[in-house]
Amino acid sequence: MSAYSRAYQALTAGQSLRPGEAAELLAELRKETGTELADAVEKQLDGKFRRSETDTGAAFRRKQREYSASMRVVKAFRHLAAAPFRPIVPNPRNNRSTS
């Protein structure tokens, strides 16, 4: 049974969960959701960056770089979703110098 189903049943049955059970259930739900979303994005990317007959060498290398960047994002998303605690993602705008 998925975490979503267990959470739904607990909520609709009026059953109370201990804080530890609720936290574990929410973590499982986050992991399942993240995995499903990453799988869907990966499926959308499948075939998008394949070499076509009209591609030059440079165009194909550009497609490879774009695919690699996309897959790094999918991998990072899977990692964040599976993390035991909510990670703190730094704001890239705070790293800029204003002087």
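For clarity, every value in this text was computed on a predicted model and none was experimentally measured. (Residues numbered from 1 in each chain as written. Predicted model: local features only at pLDDT ≥ 70, side-chain atom pairs only at ≥ 80, totals over all residues. Heavy atoms only, no water.)

1. With respect to the overall build of the protein chain
If you tally the helices and strands in the protein chain, you get three helices and zero strands. Taken from N to C terminus, the helices and strands of the protein chain fall in the order α-α-α. Taken across its 99 residues, the protein chain has 16% of its residues classed as buried. Of the contacts formed within the protein chain by residues at least 6 apart in sequence, a portion of 60% connects residues at least 24 apart. (Helix = DSSP H or I, 4+ residues; strand = E, 2+ residues; numbered from the N terminus. Buried < 20%, exposed > 50% of the residue type's maximum accessible area, 1.4 Å probe, protein only. Contact = heavy atoms within 4.5 Å.)

2. Re the packing of helix H1 (residues 3-12) against helix H2 (residues 19-45)
At a closest axis distance of 8 Å, the pairing of H1 and H2 adopts a crossing angle of 140°. It follows from the interaxial angle that H1 and H2 lie oblique. The chirality of how H1 crosses H2 is left-handed. Contact residues: Ala3, Tyr4, Arg6 and Ala7 in H1; Leu25, Glu28, Leu29 and Glu32 in H2. Residue composition of the contact of H1 with H2, grouped by class: five nonpolar, no polar and three charged. (Axes fitted to C-alpha atoms, helices over the stretch in contact; angles between N-to-C directions. Parallel < 35°, antiparallel > 145°, perpendicular 65-115°, else oblique. Left-handed = near helix turned anticlockwise from the far one by under 90°. Nonpolar A, V, L, I, M, F, W, Y, C, P; charged D, E, K, R; others polar.)

3. A closer look at the side chain of Asp55
Within the element layout of this structure, Asp55 appears in the loop between H2 and helix H3 (57-82). A polar side-chain atom of Asp55 sits 3.1 Å from the main-chain amide nitrogen of Ser52. Engagement of the side chain of Asp55 in a polar contact is seen with the side chain of Lys63, the distance being 2.8 Å. Ignoring sequence-local partners within four residues, the contact set of Asp55 consists of Arg50, Phe60 and Lys63. (Polar contact = N/O pair within 3.5 Å; in protein donor to acceptor, adjacent residues only side chain to side chain.)

4. Description of H1
Think of an α-helix as turning once every 3.6 residues; residues three or four places apart then point the same way. Listing the buried residues of H1 in full gives Ala3, Ala7 and Ala10. Down the axis, H1 shows its buried residues gathered within 65° of arc, on one side only. Along H1, exposed side chains directed more than 90 degrees from the buried face belong to Tyr4, Tyr8 and Thr12. For H1, the elements touching its buried residues are H2. Backbone geometry just after H1 places Gly14 at a positive phi near 70°. (Arc of directions from axis to C-beta.)

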